[in-house]
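In case you want the letters, here they are:
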Amino acid sequence: MSLHGRDVISIRDLTRPEIEELLDSARRMIPYAEGKKVTHPLTDKIVAMAFFEPSTRTRLSFESAVHRLGGECITIADPLVSSVRKGESLSDTVHMLTSYSDAIVLRHPNEGSARLAARVSEKPVINAGDGAGQHPTQTLLDLATMKEAFGTLSGLRVVLLGDLKYGRTVHSLAYALALFGAELVFSSPSTLRLPDEVRDQLEHMGVRIHEEDQLHRAVRDADVLYVTRIQKERFPDEAEYLKVAGSYRIDNGVLAGAKSRLIVLHPLPRAGEIAAEVDATSHAAYFRQAFLAVPVRMALLAALLGGPKSKGRS
Ligand code: NCD
């Protein structure tokens, strides 16, 4: 098995053994991500960061990962200062980036944009979030955090809470958790349930869709509570957003009925879904999750780029 030169557009592009290998490699990368050891498999490699939507953690952890691996980054962090503002198409932008770099990390507001970029690019494309579509590298670090806490993924009861309709992180994560035999519970406002195509895929994999609208009931038996932000920017109509804004919030009162080993995850940024008081509890794992972004993305970049081969010749 080799990930060398491959695109990572959907978590479904990776098999379970490939994900397992990446998680093992990410664990070994931790001292390098912390700067305690040095490894430079990306010497002379350039990775293009093309971010056409806001990002803090994803872009900076990718950049940190490239630097820790001895590579260099070129970055579009603000579409307003790139030629997109002059009307350049995504495929033209990708054509340029492919000749300036060895891999492209793309975040874009349109679902399907990363797949389109991968068709145009001769170099590997990593989807760092395509609209309400997928966010496969976030899933890898979500899995890494769960695995670090519990030693396994199979049999974990994971509650996915919040905006399941527009939240790309849950679309990728639900699929991966199903692959690893976790038990899934979906909890969301009724207008923000999982999209039909994601639900159909999961059912096709034999997952029984279990929904729980009562927060305290959902939390009671959970091992992992994966909280998401309502994706305000994806609502076609602000009135619809206002109907669900602030409809759930995790605080110490909600967690009083939880298992002592429950971990709370959140891809971040949070916008009021988790009270600050939770940060001081042993349940809060979201900052560890944010740190693990670096070793996980190091593991992925090293697998895609470390070594001499190019895309399509793995
Ligand atoms: C998420 C995203 O961009 O999808 N953030 C992230 O990558 N850490 C979640 C969100 O924006 O709510």
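Overview of the structure. (Residues numbered from 1 in each chain as written. Predicted model: local features only at pLDDT ≥ 70, side-chain atom pairs only at ≥ 80, totals over all residues. Heavy atoms only, no water.)

Right, let's talk about the pattern of salt bridges for a bit. In total, this model carries 18 salt bridges according to the counting rule given. In this structure, D24 engages R27 in a salt bridge whose closest nitrogen and oxygen atoms are separated by 3.4 Å. Of this pair, D24 and R27 both sit in helix α1 (residues 16-33), 3 residues apart, which is roughly one turn of that helix. When its relative accessible area of 54% is taken as the criterion, R27 is described as exposed. Two residues, R270 and D279, come together in a salt bridge whose shortest N-O distance is 2.8 Å. For D279, a relative accessible area of 30% corresponds to the partly exposed category. (Salt bridge = Lys/Arg side-chain N within 4 Å of Asp/Glu carboxyl O. Helix = DSSP H or I, 4+ residues; strand = E, 2+ residues; numbered from the N terminus. Buried < 20%, exposed > 50% of the residue type's maximum accessible area, 1.4 Å probe, protein only.)

Attention now goes to the layout of surface pockets. Reported here for the largest pocket is a volume of approximately 470 Å³. At the level of secondary structure, the elements contributing two or more residues to the lining of the largest pocket comprise α2 (57-68) and α6 (168-179). Residues of the lining of the largest pocket, tallied by class, amount to 5 nonpolar, 10 polar and 7 charged. Looking at which domains feed residues into the lining of the largest pocket, each of domain 1 (11-134 + 293-305) and domain 2 (136-290) gives three or more. For the second largest pocket, the calculated volume is near 250 Å³. (1 Å grid on protein atoms, 1.4 Å probe; cavity = no way out; pocket = protein on both sides within 12 Å on 5 of 7 lines; lining within 4 Å. Points joined across faces, edges and corners; volume = space filled by probe spheres on them. Nonpolar A, V, L, I, M, F, W, Y, C, P; charged D, E, K, R; others polar. Domains from an automatic or database assignment.)

Over its 12 residues, α2 runs 16 Å from end to end, which matches the ideal 16 Å to within 8%, given 1.5 Å per residue. Turning to α2, its buried residues number three or more, namely T58, R59, S61, F62, E63, A65 and V66. Those residues of α2 hidden inside the fold are in contact with β1 (46-51), β2 (72-76), β3 (103-108), β4 (125-130), α5 (136-150) and α11 (286-305). In the segment just after α2, G70 is the residue with positive phi, at about 85°. (Expected span 1.5 Å × (residues − 1). Contact = heavy atoms within 4.5 Å.)

Attention shifts here to the site of the ligand. Around the ligand, the structure places T58, R107, H135, Q138, R168, T169, R229, Q231, P267, L268 and P269. Here H135 contributes a side-chain N or O atom positioned 2.8 Å from an oxygen atom of the ligand. In the environment of the ligand, a nitrogen atom lies 3.0 Å from a nitrogen or oxygen atom belonging to the backbone of L268. Relative to its free-state accessible area of 320 Å², the ligand is covered by the protein chains to the extent of 93%. Because more than half of its atoms lie within 2 Å of the grid, the ligand is assigned to the largest pocket. In the shell around the ligand, the residues fall into 3 nonpolar, 5 polar and 3 charged. (Near = heavy atom within 4 Å. Polar contact = N/O pair within 3.5 Å; in protein donor to acceptor, adjacent residues only side chain to side chain. Areas by Shrake-Rupley, 256 points an atom, 1.4 Å probe, with all protein chains shown as cover. Sits in = over half its atoms within 2 Å of the grid points.)

This next bit is on empty space enclosed by the protein. Inspection of the entire model under this criterion finds 1 cavity of 30 Å³ or more. Approximately 60 Å³ is the volume found for the largest cavity. Lining the largest cavity are R57, T58, Q138, L141, H266, P267, L268, Y286, Q289, A290, A293 and R297. The set of elements that each furnish at least two residues to the lining of the largest cavity consists of α2, α5 and α11. Broken down by element, the lining of the largest cavity gets its largest block of residues, 5 residues, from α11. Considered class by class, the residues forming the lining of the largest cavity number 6 nonpolar, 4 polar and 2 charged. Of the residues that make up the lining of the largest cavity, three or more belong to each of domain 1 (11-134 + 293-305) and domain 2 (136-290).

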